[in-house]
Amino acid sequence: MLKFKADRVEELDEVNGATVLVTDHKAYAAVDLKNGTEVNDDLKNKIEEKVKESDTSVGKVYVSEDPDFSTQMKDYADRIKAGEPAEGFFDEFSDAVRRVFPSA
């Protein structure tokens, strides 16, 4: 089951917007960063902390600033919010995650 969580990540000064989907104790965070900001280990750690604050079941957080991945994640989150069952697009979501995070 996919869950949508992003409010805490969007509290960070470096982040303009975020989409976070959680499944099987893993979170996938697609972030839109403020101009001049790059994802580094410090920012990844901050994002991971925020995600884990909002969902204590999360063990691992994957972070991407890839614009295509962000677009896909926003689409999935919108579909979840609209009440569409996640099972309907779970394979599509899994493919997107494997493409961006091959080791996930």
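Refer to the structure presented above.
Residues numbered from 1 in each chain as written. Predicted model: local features only at pLDDT ≥ 70, side-chain atom pairs only at ≥ 80, totals over all residues. Heavy atoms only, no water.

Concerning the packing of helix α2 (residues 67-81) against helix α3 (residues 90-100)
The N-to-C vectors of α2 and α3 enclose an angle of 155°; their axes lie 11 Å apart at closest approach. On the basis of the axis angle, α2 is roughly antiparallel to α3. In this structure, the crossing between α2 and α3 has a hand that is left-handed. Between α2 and α3, the contacting residues are F69, Q72, M73, Y76 and R79 on the first element and E92, F93, A96, V97, R99 and V100 on the second. (Axes fitted to C-alpha atoms, helices over the stretch in contact; angles between N-to-C directions. Helix = DSSP H or I, 4+ residues; strand = E, 2+ residues; numbered from the N terminus. Parallel < 35°, antiparallel > 145°, perpendicular 65-115°, else oblique. Left-handed = near helix turned anticlockwise from the far one by under 90°. Contact = heavy atoms within 4.5 Å.)

With respect to the environment of Y76
Tracing the chain through its elements places Y76 in helix α2. On the basis of relative accessibility, which here comes to 0%, the residue Y76 falls in the buried class. Separated by 20 residues in sequence, Y76 and T56 have C-alpha atoms that sit 22 Å apart. Ignoring any residue separated from it by four or fewer positions in sequence, one finds Y76 in contact with L21, F89, E92, F93 and A96. (Buried < 20%, exposed > 50% of the residue type's maximum accessible area, 1.4 Å probe, protein only.)

Brief notes about the nonpolar core
Core analysis: the biggest nonpolar cluster contains 17 residues, and V9, V20, A27, V31, I47 and V51 have the highest contact counts within it. Elements with a contribution of two residues or more to this core: β2 (15-23), β3 (26-33), α1 (41-54) and β4 (60-64). Sequence-distant contacts of V9, that is, excluding residues within four places in its chain, are made with V15, A18, V20, V31, I47, K50 and V51. Counting residues in hydrophobic clusters, the runner-up holds 15 residues, among them Y76, I80, F93 and A96. (Core = buried A, V, L, I, M, F, W, Y, C linked by side-chain atoms within 4.5 Å.)

A word on the packing of aromatic side chains
A full pass over the atoms with the stated rule returns eight aromatic pairs. Ring centres 6.1 Å apart and planes at 40° place the aromatic pair Y28 and F101 in the tilted group. In this pair, Y28 is assigned in strand β3 and F101 in the segment after α3, connecting sequence segments 73 residues apart. The two residues Y28 and F101 agree in class, both being buried. Ring centres 5.3 Å apart and planes at 50° place the aromatic pair Y62 and F101 in the tilted group. (Phe/Tyr/Trp six-rings, centres within 6.5 Å; stacked < 30°, edge-to-face > 60°.)

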